[in-house]
Amino acid sequence: MNLPLVSQPYLLSLHDAQACDALLVGGKAARLAAMLRQGLPVPRAFALTVHAFVTGMTEELEAQVRAAYEHLLSPAPSPFLVAVRSSATAEDLEGASFAGLQETVLNVQGADALVEAIRRVWNSLASPQATAYREHTHLHDTAMAVLVQRQIAATVAGVAFGCDPITGEPVIVVEAVAGLGEALVSGAAEPQQWRVERRGGSHQAVLAPTEPLLNDEQLSELVALVETVSALWGQPQDVEWAWDGEQFWLLQARPITGRGEDWFTERLPSDHHLWTAAFLNERFTQPVSPLGWTLVAEHLEQLALRGPLQLLRAEEIEGPLLKLWRGHPYSRVQAWQRIYKLFPDALLPEDAVRYFPGGDVSLRRAPRWPTLGPRLVLNGLRVLRKNFKGVSPLHNPRAWARYEQRQKAALIRFHFRERHLDDLTDPIPEARALMRQVSDLTGELLDLHRWSLLYADLSYSLLRRLLILRYGSEEGAALAVRLTANIESPTTRMNRELAELAAGVREDTKLRTFLETISQAGAGGEPDPPPALEQWWAALESFIQRYGHRFFSLDFYDRPWEADLPALASFLLALANGAIGEPRAQAGYRHNPSVPGVARPVLELTRDYLRMREAQRFHWQQLLALQRRVALKMGLWWAGRGQLAGEEDVFGLTWTELMAGEPDGQRAAARMARLHRLREQAARAPGWHYPDFLRGEAPLRHAPGGAELVGRAVSPGVARGPARLVAHPGDLARIQPGDILVTASPDPGWTPIFGIIAGLVTERGGQLSHGAVVAREYHLPAVSGIPGLMALLRDGEPLLVDGTQGIIIREEPS
């Protein structure tokens, strides 16, 4: 039937070609119209366009609504029911679903009730929860279209995801309840859940309920529909469906929002490997930035792991040796097993224990390879011949000294080119060339350093064992520490200068007050010191010129001292106040005649290699600080052209993205926002957020001093805070920033508090409920499906919530 329309299209059948225009009928209706045109089973429906919303319910529009109700939704037995749903122009987007935040009116019967339901949906655009959500997602320019659908008399209904909404794994997740699906999406009912994989040419459920609401044939049909819908949109979809006893109906489809941990957690196929944070966790103390990690990851994998494995003829390990989990880097324990396998117990480095769960170094014996034999010796000789001066333990120190001079000369050239980037009309090609050359020099540094690091570990372990044999375990170990303390290096020189600067702060009240003012300011402009402090200030500037490139991480997103004067001021104040102990001089071995003669050459070698190990970080960070400045200049240039939101968004690019093509500003900004949230979570629960070992995706650990409750992971991340039990909306007034909201099931109307709470725990609800969907979009760690939780917990007790693992820890009060 063709309805008479006024000058603007106020009402459209979903069969109308214009109904595919999301700016006209909103995202929900437009997607259903597109699915209908592909022959998918979509219930009869019509849409009131945004022009109707702007105009209001005029007599002419009301007449059209009544006519459409009678004709567009037929054939149907009379009286029949309809569902009236919001279809705002900003709804069902890739980054914002508005799940449950605007009105849906079910069981609407008759034209009079329909007109009233449409008014309710229109009014819901201004609800507190929808307004708060638009503020959170920065979607302010929104108009409300309305979808009117034949309501399916469902015997079973639910939601299906085209991939796992938490991990992003390529499995179909189906949740279902008996009757209408509203109880599921509202979180009021516990759903049945299936996880379905495609194996060969068929589907196979890897998780299914014991008394399923859907049989295998029905499940397979539904999964095929979900795959078809996902293929239509080119990405996994969140699909609401209903089964009426005879066929499936698709009620809505939208992109899966907030899924997985995106770039910061790498999901590897068939990952049952053991992973360790050792070696990396002291170099990357916080979740890493995309650019900071990808700048160094290849060097680390190739030089620290692949190179030694090739030397040992044990390079057959398939797959990556490094990965990220919650933004934290891990390495394969399998690689360390092979690297340490041939070490005799007497020469095994002291810190090898950190690479194996429980410190069980006997695990290094498990792999078949490498093995001792002629082939291993010949392979070692080939490696030694290729790089004799770098590999030989007797020649490596001299190779390192030559490298130091080479880097010193190269930095003069690099700094000159860096300064002149500002003079170029388009600095990007020259900046990329400079970044690449600095990275190549870094590769040379690390190629030398991997051998000096190995020899430092070996020589110190041998020295310690020799001294223990001569003096006993306690005295020998203490002597080894004393003999290798305060080796002259850039770090010890820096520490002495820091102590001298701190002494000046300790003795001068005016200087202390001046530094306190600086420490409370944000990183930025450099203040002018009072005349009486100019001498001390000149010493500080001299210190920054030599050591300003130092920072406490190898992620060059973190500001070095030269770019963060408040942090340096805070550090000096802590030194002056005694909050950080100053290094004390130790007696060297030349003043201790009791060192046995056999240990003296080993001690000389140990001190040489320990000096190089300390110097390596100094030189590496010189190169990183230079690359940081160049990257920020690239970011500033792109920001000036509108390609990035700000210069620091350059750290949201990967190394590959930085070095080729135009930057994707939206992707970079999203990654940086995610990085900030991960760092906030890590600060609240550092040990839990960064466990020492993983088995695949699961941490190897136990509850830290508290009882563990296991539920359903519905929104990834970690949160820590006091439990705030909310039984009804009136309790929401007690919510404070940083609380963990604990409730039976959250109403979508509670969304305004999602911006202040730290985490969410519920008794009911699945991964696909409105509360779970919106929690993921707010990046709010959440766990559901813990029956009796409200009676079990005490208001205010400390909780740790792991929304990735689906675990709640009731921590002991501090």
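Note that the structure is predicted; figures quoted are calculated from it, not measured. (Residues numbered from 1 in each chain as written. Predicted model: local features only at pLDDT ≥ 70, side-chain atom pairs only at ≥ 80, totals over all residues. Heavy atoms only, no water.)

S.K.: An account of the pattern of salt bridges is requested, with residue identities and associated values reported.
M.R.: In the structure shown here, the tally under the stated rule is 30 salt bridges. Asp 271 is paired through a salt bridge with Lys 323; the nearest N and O atoms lie 2.8 Å apart. Here the residue Asp 271 occupies a position in the loop between strand S11 (248–255) and strand S12 (274–276), and Lys 323 occupies one in strand S13 (residues 322–325), the gap between them amounting to 52 residues. For Asp 271, a relative accessible area of 10% translates into the label buried. Judged by its relative accessible area of 0%, Lys 323 falls in the buried class. Several salt bridges share partner residues, and in doing so they unite Glu 657, Asp 664, Arg 667 and Arg 671 into one network. (Salt bridge = Lys/Arg side-chain N within 4 Å of Asp/Glu carboxyl O. Helix = DSSP H or I, 4+ residues; strand = E, 2+ residues; numbered from the N terminus. Buried < 20%, exposed > 50% of the residue type's maximum accessible area, 1.4 Å probe, protein only.)

S.K.: Go over the sheet that holds strand S16 (residues 698–699) with me, naming the residues and quoting the values.
M.R.: Ordered by their spatial adjacency, five strands build an open sheet running S13-S14-S12-S15-S16, and the pairing between neighbours is antiparallel. Both outer strands of the open sheet, S13 and S16, are each paired with one neighbouring strand and no more. Relative to S16, strand S15 (residues 693–695) runs antiparallel, the two sharing two bridges. Within S16, the position partnered with Arg 695 by the bridge is Ala 698. Contacts between helix H8 (residues 290–311) and the sheet are confined to S13 and strand S14 (328–332), with S13 contributing the most and set at about 140° to the helix. Across the face of the sheet, helix H9 (residues 333–340) comes into contact with S12, S14 and S15 while running at roughly 50° to S14. (Pairing = 2+ DSSP bridges. Contact = heavy atoms within 4.5 Å. Axes fitted to C-alpha atoms, helices over the stretch in contact; angles between N-to-C directions.)

S.K.: So, helix H19 (residues 599–640): which residues are in play, and what are the values?
M.R.: Counted at 1.5 Å a residue, the expected span for H19 with its 42 residues is 62 Å, and the 61 Å between its end C-alpha atoms agrees. Positive backbone phi, approximately 80°, marks Gly 642, located one or two places after H19. (Expected span 1.5 Å × (residues − 1).)

S.K.: Hey, could you go over the environment of Gly 755 for me, with residue numbers and the actual values?
M.R.: Note that Gly 755 resides in the loop between strand S20 (740–743) and strand S21 (759–762). Classification of Gly 755 as exposed rests on a relative accessible area of 56%. Along the sequence, Gly 755 and His 779 sit 24 residues apart, while their C-alpha atoms lie 9.6 Å from each other.

S.K.: Hey, could you go over the pairing of strand S2 (residues 45–48) for me, with residue numbers and the actual values?
M.R.: Going residue by residue along S2, you find Ala 45 and Ala 47 tucked away on one face and Phe 46 and Leu 48 tucked away on the opposite face as well. Two strands pair when backbone bridges link them, and strand S1 (residues 11–13) and S2 are joined in this way by three bridges, in the antiparallel orientation. Within S2, the position partnered with Leu 12 by the bridge is Ala 47. In the sheet, S2 pairs with strand S5 (residues 144–150) via four bridges, with the strands oriented antiparallel. Considered in S5, the bridge of Ala 47 is made with Leu 147.

S.K.: Lay out the side chain of Asp 164 with the relevant residues and their values.
M.R.: Along the polypeptide, Asp 164 turns up in the loop between strand S6 (156–161) and strand S7 (172–178). Asp 164 gets classed as buried once you look at its relative accessible area, which sits at 3%.

S.K.: Go over the sheet that holds S5 with me, naming the residues and quoting the values.
M.R.: Pairing is antiparallel in the open sheet, where five strands are placed in the order S1-S2-S5-S3-S4. Strand pairing shows two members of the sheet lacking a second neighbour, S1 and strand S4 (104–109), which therefore form its edges. Ignoring strand direction, the axes of neighbouring strands in this sheet form an average angle of 25°. Contacting S1, S2, strand S3 (81–88) and S5, helix H1 (residues 22–37) crosses the sheet at an angle of about 125° to S3. Packed onto the sheet, helix H3 (residues 59–71) meets S1, S2, S3 and S4 and runs at close to 170° relative to S2.

S.K.: Explain the nonpolar core to me, using residue names and the numbers behind them.
M.R.: Of all hydrophobic cores here, the largest spans 87 residues; its most connected members are Trp 293, Leu 300 and Leu 658. If you look at the next biggest cluster of nonpolar residues, it comprises 36 residues, including Ala 33, Val 229, Trp 243 and Phe 248. (Core = buried A, V, L, I, M, F, W, Y, C linked by side-chain atoms within 4.5 Å.)

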